[in-house]
Amino acid sequence: MTTLLEVRNLRKHYPIRKGFFSKQVGAVKAVDGITLSVEQGETLAVVGESGCGKSTTGRAILRLIEPTDGEIRFGGTDVRALNPEQLRRFRTDMQMVFQDPYASLDPRWTVQRILEEPLRTHGSAPAGELKSRVEQLMEVVGLSPYQAHRYPHEFSGGQRQRVGIARALALNPKFIVCDEPVSALDVSIQAQVLNLMQDLQEQYGLTYMFISHDLSVVKFISDRVAVMYLGRIVELARTKELFAKPLHPYTQALMSAVPVPNPGMKKERIVLTGDVPNPETPPSGCAFHPRCPYALDRCRTETPELREVDAGHQAACHLL
Ligand code: SF4
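Residues numbered from 1 in each chain as written. Predicted model: local features only at pLDDT ≥ 70, side-chain atom pairs only at ≥ 80, totals over all residues. Heavy atoms only, no water.

### Section: the sheet that holds strand 3 (residues 43-47)
And then number 1: Taking strand neighbours across the sheet as the criterion, the eight strands line up as 6-7-8-3-9-10-12-11 in an open arrangement whose pairing is mixed. What marks the edges here is a single partner per strand, and that holds for strand 6 (94-97) and strand 11 (307-310). When the angles between neighbouring strand axes are averaged without regard to direction, this sheet yields 25°.
And then number 2: In the sheet, strand 7 (residues 175-179) pairs with strand 8 (residues 207-212) via five bridges, with the strands oriented parallel. (Pairing = 2+ DSSP bridges. Helix = DSSP H or I, 4+ residues; strand = E, 2+ residues; numbered from the N terminus. Axes fitted to C-alpha atoms, helices over the stretch in contact; angles between N-to-C directions.)

### Remarks on the pairing of strand 1 (residues 3-18)
And then number 1: Taken together, the 13 bridges between strand 1 and strand 2 (residues 23-39) define a ladder with antiparallel strand orientation. In the strand pairing of strand 2, I16 is matched with G26.
And then number 2: Between strand 1 and strand 2, which pair antiparallel one after the other, the connecting turn spans four residues, and G19 there sits at a positive phi close to 85°.
And then number 3: Pairing analysis gives five bridges linking strand 1 to strand 4 (residues 69-74), with the strands arranged antiparallel. Bridging across to strand 4, E6 finds its partner in R73.

### Details of the pattern of salt bridges
And then number 1: If you walk through the whole model with that rule in mind, you get 17 salt bridges.
And then number 2: The residue R224 makes a salt bridge to E42 at a minimum N-O spacing of 2.7 Å. You can see R224 sitting in strand 9 (residues 224-229) and its partner E42 sitting in the loop between strand 2 and strand 3, a full 182 residues away along the chain.
And then number 3: Residue classification places E42 among the buried residues on the basis of a relative accessible area of 3%.
And then number 4: The partner of K131 in a salt bridge is E135, with the nearest N and O atoms 3.1 Å apart. Linking K131 with E135, this pair stays in helix 5 (residues 130-140), spanning four residues, or about one helical turn.
And then number 5: We classify K131 as exposed; its relative accessible area is 52%.
And then number 6: Several salt bridges converge on common partners, so that one network encompasses R11, D32 and R232. (Salt bridge = Lys/Arg side-chain N within 4 Å of Asp/Glu carboxyl O. Buried < 20%, exposed > 50% of the residue type's maximum accessible area, 1.4 Å probe, protein only.)

### Some remarks on the site of the ligand
And then number 1: Near the ligand you find 13 residues, and of these C286, C292, C299, C317 and H318 are the closest.
And then number 2: Within the shell around the ligand, the residues separate by chemical class into 10 nonpolar, three polar and no charged. (Near = heavy atom within 4 Å. Nonpolar A, V, L, I, M, F, W, Y, C, P; charged D, E, K, R; others polar.)

### Observations regarding unusual backbone geometry
And then number 1: Unusually for a residue other than glycine, N9 sits at a positive phi of about 50°.
And then number 2: Locating N9 in the fold gives a position in strand 1.
And then number 3: For N9, a relative accessible area of 42% translates into the label partly exposed.
And then number 4: Even without being a glycine, R63 presents a positive backbone phi close to 60°.
And then number 5: Classification of R63 by relative accessible area gives buried; the value is 12%.

### Details of the sheet that holds strand 1
And then number 1: Strands sit in the order 2-1-4-5 across an open sheet of four strands; the sheet is antiparallel. Each of the sheet's edge strands pairs with one partner strand only, and the pair in question is strand 2 and strand 5 (77-78).
And then number 2: Strands strand 1, strand 2 and strand 4 of the sheet are contacted by helix 1 (residues 54-61), whose axis makes an angle of about 115° with strand 1. (Contact = heavy atoms within 4.5 Å.)

### Some details on the packing of aromatic side chains
And then number 1: By the definition in use, this model includes five aromatic pairs.
And then number 2: Ring centres of F74 and F90 lie 5.5 Å apart, and the angle between their planes is 85°; on these two criteria the pair is classed as edge-to-face. Here F90 lies in helix 2 (residues 84-90) and F74 lies in strand 4, a separation of 16 residues in the sequence. Here F74 matches F90 in class, with each residue buried.
And then number 3: Ring geometry for Y250 against F288: centres 5.3 Å apart, planes inclined by 65°, an arrangement best described as edge-to-face. With a gap of 38 residues between them, Y250 in helix 10 (residues 249-256) and F288 in the loop between helix 10 and strand 11 connect regions that are remote in the sequence. Per residue, the accessibility class of Y250 equals that of F288, and both read buried.
And then number 4: Members of the aromatic cluster, joined through ring pairs, are F74, F90 and F175.
And then number 5: One residue, K12, lies across the ring of Y14, its end atom 4.9 Å from the ring centre. (Phe/Tyr/Trp six-rings, centres within 6.5 Å; stacked < 30°, edge-to-face > 60°. Lys NZ or Arg CZ within 6 Å of the ring centre and 35° of its normal.)

### Concerning the side chain of Q95
And then number 1: Looking at the element boundaries, Q95 is found in strand 6.
And then number 2: By relative accessible area, Q95 is classed as buried at 16%.
And then number 3: Those residues in contact with Q95, other than ones at most four positions away along the chain, are L62, R167, A168, L171, P173, F175, I176 and V177.

### A short note on the domain arrangement of the chain
And then number 1: As far as domains go, the chain holds domain 1 (3-17 + 27-222) and domain 2 (246-320).
And then number 2: Look at where the C-alpha atoms of domain 1 and domain 2 centre, and you get two points 29 Å apart.
And then number 3: Across the boundary between the two partners, domain 1 contributes eight residues, which contact eight residues of domain 2.
And then number 4: Both sides of the domain 1 and domain 2 interface together cover about 760 Å² of buried area, and 65% of this is carbon and sulfur.
And then number 5: When the buried surface of domain 1 facing domain 2 is broken down by residue, V28, E49 and L215 rank first, second and third, together holding 56% of it.
And then number 6: For R291, the salt bridge is made with E49, and the minimal N-O distance between the two is 3.3 Å.
And then number 7: Remark: the boundary between domain 1 and domain 2 carries two residue pairs in polar contact (both at pLDDT 80 or more).
And then number 8: Every element with two or more residues in the side of domain 1 that touches domain 2 is listed here: strand 2 and helix 8 (215-221).
And then number 9: The greatest single-element share of the side of domain 1 that touches domain 2, amounting to three residues, is contributed by strand 2.
And then number 10: When grouped by side-chain class, the residues that make up the side of domain 1 that touches domain 2 number four nonpolar, two polar and two charged. (Domains from an automatic or database assignment. Buried area = accessible area lost by both parts, 1.4 Å probe. Polar contact = N/O pair within 3.5 Å; in protein donor to acceptor, adjacent residues only side chain to side chain.)

What follows is the structure, encoded as C-alpha cells:
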C-alpha cells in the first residue's frame, strides 16, 4: 500500500487573550501533537466525544484552518509550505464533506450552480460542458439530473448530503475528509449514504478520513480507527482489532456503550465519572486520569506517549 497522507506532531492552539492589551494568558490546545498516516484507498476513522479535537484535526490537515505547528505531507508534498495559489490548485485533490448539508450549501443557489462553482473556479470543465458534467455528478450520487434546477430546501436531508458529496467529487479528488457526514440524518438514510460512500470509494479509488462520534457507523465504514481524547490520539488500530480488543481505558469505556444487536447477550457498561475536562485547563499528566478507573500516581504527572503495543496497534497508557 502507498501512504497518501502523513501527519506528524500536528498542533492547533487557540490563544486565550485577556485585558486591555489583549495579552495572551494561555492557549486552548484543540489539537496537541497528532501523528498519523493514511494509506491510499483506505478509510481512517477519527472518533471521540465532542470537543476532543477531531473536526479541528480534519480542517487543519486541509489547511481550512492554519495549524500552529507540525508537518503535513500529501503524496510527498509538504502541504504547509504551499503558498495560497499553490494551495488553491492543491485543493482539487483534497476535499471535505460537512456534517450539516443544509448549512454547507448556499440556500440561494440551485444545485446546478452549486455543482458548477468548483468546476468554474478551478477551470476544470469548459463552459460548454458544465451542464453535462453536473448531470453526470448528480447521477453518480443517485440524484436525477432533472432536479438540478432545484434549491437545497427542496431536497430531503439525505438528498442534500448527496449534493454535498457530489460537490466534493466535482474536482476528482484523491482524499476526502468526511466530518460527521451522516450524523444529522435518520438511521435508514444513514445506511444509504454510507453505502453510496463505499461504492464511490471503490469506483474512484478514494481515500477517506471519516470523523464521527458514532462507533456503529465507524465499525461499518472504516479500515482503521484513531481514538482521540482532549486533542491527542490515545489509541489507533485496525477496526476489527480495536472492536475486539480495545486496550486504552477510554476506548474500553466508549466500546462498552455501543449497543449489541442481540437481546440475549449481556454487556457490562463502563460508566465514566466526571465530565470531559476544560481544554483551557487540561489535567496534568495523562489528560484522562481524573476519569480513569485505573489511574496510577504517575498518571497525574507523566503524559503517556502513543506507542506500538501490538503489530499495527498503538496506545498511549502507562498500564500497557
Ligand atoms: Fe488511565 Fe493512567 Fe492509562 Fe491514563 S495512563 S488511561 S490515567 S491508566
